[in-house]
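Listed below, chain by chain, are the residues.
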Amino acid sequence: MGKIEWAMWANEQALASGLILLTGGIVGVAGQFRGWQFAAYAIAAGVFVCLLEYPRSKRTKGTSVERTGQYCFTVCVKSFGPLTRNYYVRAFLHAALSVPAGFLLATVLGCVCLGIASIIYLAAAIRGEHWEPILPKKEIARKPDDSMKNPPQNPPPRPPPETRRKRVDDLEGAAYDNPIPVGE
């Protein structure tokens, strides 16, 4: 069996927890909960986590499928260099971001999910994984081989129209002619 890529799981968990944190923050601010300032913090933290975690990392083996519209976020995340590539930094960043969200009921679920993502990122960092951007491949236009010929320009030949059409008389006569003699 192959080696588990923990960073892939951590990325999915962190993106989901960022959305949960954002949703809980919106509920806390809209509901004017006591301590709604923590909910406003959760909105900002949820948006930050979603922006940080939206671009997927390149897998070590196999194919890496990027998310829709990931390229512009990849450029932003890549520009921060080792701060965003190192999973130890991400693990401690997510752990620190999750603490204030634990003080409000609406954001507790996002806090717990972000804490779990932090633990998974720590496991990925211990195993030596790091974030690699998925960059678009440059497609090289290939010239077709000489063995490949152009497709035919004309349709295939057909028999003359007289032989293609059968007369109605022939069809009626063919229905009554039995080539095998029937014993009488």
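Residues numbered from 1 in each chain as written. Predicted model: local features only at pLDDT ≥ 70, side-chain atom pairs only at ≥ 80, totals over all residues. Heavy atoms only, no water.

## Here's the deal with the layout of surface pockets
In step 1: Reported here for the largest pocket is a volume of approximately 370 Å³.
In step 2: What lines the largest pocket is a set of 24 residues, and nearest its centre among them are Glu5, Met8, Ser57, Lys58 and Arg59.
In step 3: Breaking the lining of the largest pocket down by element, the ones donating at least two residues are α1 (6-30) and α5 (87-98).
In step 4: Volume-wise, the second largest pocket comes out at about 210 Å³.
In step 5: Surrounding the second largest pocket, Phe48, Leu51, Leu52, Phe73, Cys76, Val77, Phe80, Leu83, Thr84, Val89 and Leu93 form its lining.
In step 6: For the lining of the second largest pocket, the elements supplying multiple residues, two or more each, are α2 (36-53), α3 (70-79), α4 (82-85) and α5.
In step 7: Grouping the amino acids of the lining of the second largest pocket by side-chain chemistry returns 10 nonpolar, one polar and no charged. (1 Å grid on protein atoms, 1.4 Å probe; cavity = no way out; pocket = protein on both sides within 12 Å on 5 of 7 lines; lining within 4 Å. Points joined across faces, edges and corners; volume = space filled by probe spheres on them. Helix = DSSP H or I, 4+ residues; strand = E, 2+ residues; numbered from the N terminus. Nonpolar A, V, L, I, M, F, W, Y, C, P; charged D, E, K, R; others polar.)

## Some words on the pattern of salt bridges
Any two side chains of opposite charge can pair if their charged atoms end up close together.
In step 1: As enumerated under the stated definition, the model contains four salt bridges in all.
In step 2: We note a salt bridge from Glu5 to Arg59, for which the minimum N-O separation is 3.6 Å. With a gap of 54 residues between them, Glu5 in the segment before α1 and Arg59 in the loop between α2 and α3 connect regions that are remote in the sequence.
In step 3: Notably, a salt bridge pairs Glu12 with Arg56, separated by 3.3 Å at the nearest N-O pair. Here Arg56 lies in the loop between α2 and α3 and Glu12 lies in helix α1, a separation of 44 residues in the sequence.
In step 4: Using a relative accessible area of 27% as the deciding quantity, one classes Arg56 as partly exposed.
In step 5: In this structure, a network of salt bridges that share partners links the residues Glu12, Arg56 and Arg67. (Salt bridge = Lys/Arg side-chain N within 4 Å of Asp/Glu carboxyl O. Buried < 20%, exposed > 50% of the residue type's maximum accessible area, 1.4 Å probe, protein only.)

## Observations concerning the UniProt feature "transmembrane region" (unreviewed entry) in the protein chain
In step 1: Taking the numbering used here, the UniProt-annotated feature "transmembrane region" (unreviewed entry) corresponds to residues 12-30, 36-54 and 91-124.
In step 2: In residues 12-30, helix accounts for 100% and strand for 0%; the two terminal C-alpha atoms are 27 Å from one another.
In step 3: With 95% helix and 0% strand, residues 36-54 has end C-alpha atoms that lie 27 Å from one another. (UniProt positions renumbered as here; feature names shortened; annotations may be inferred.)

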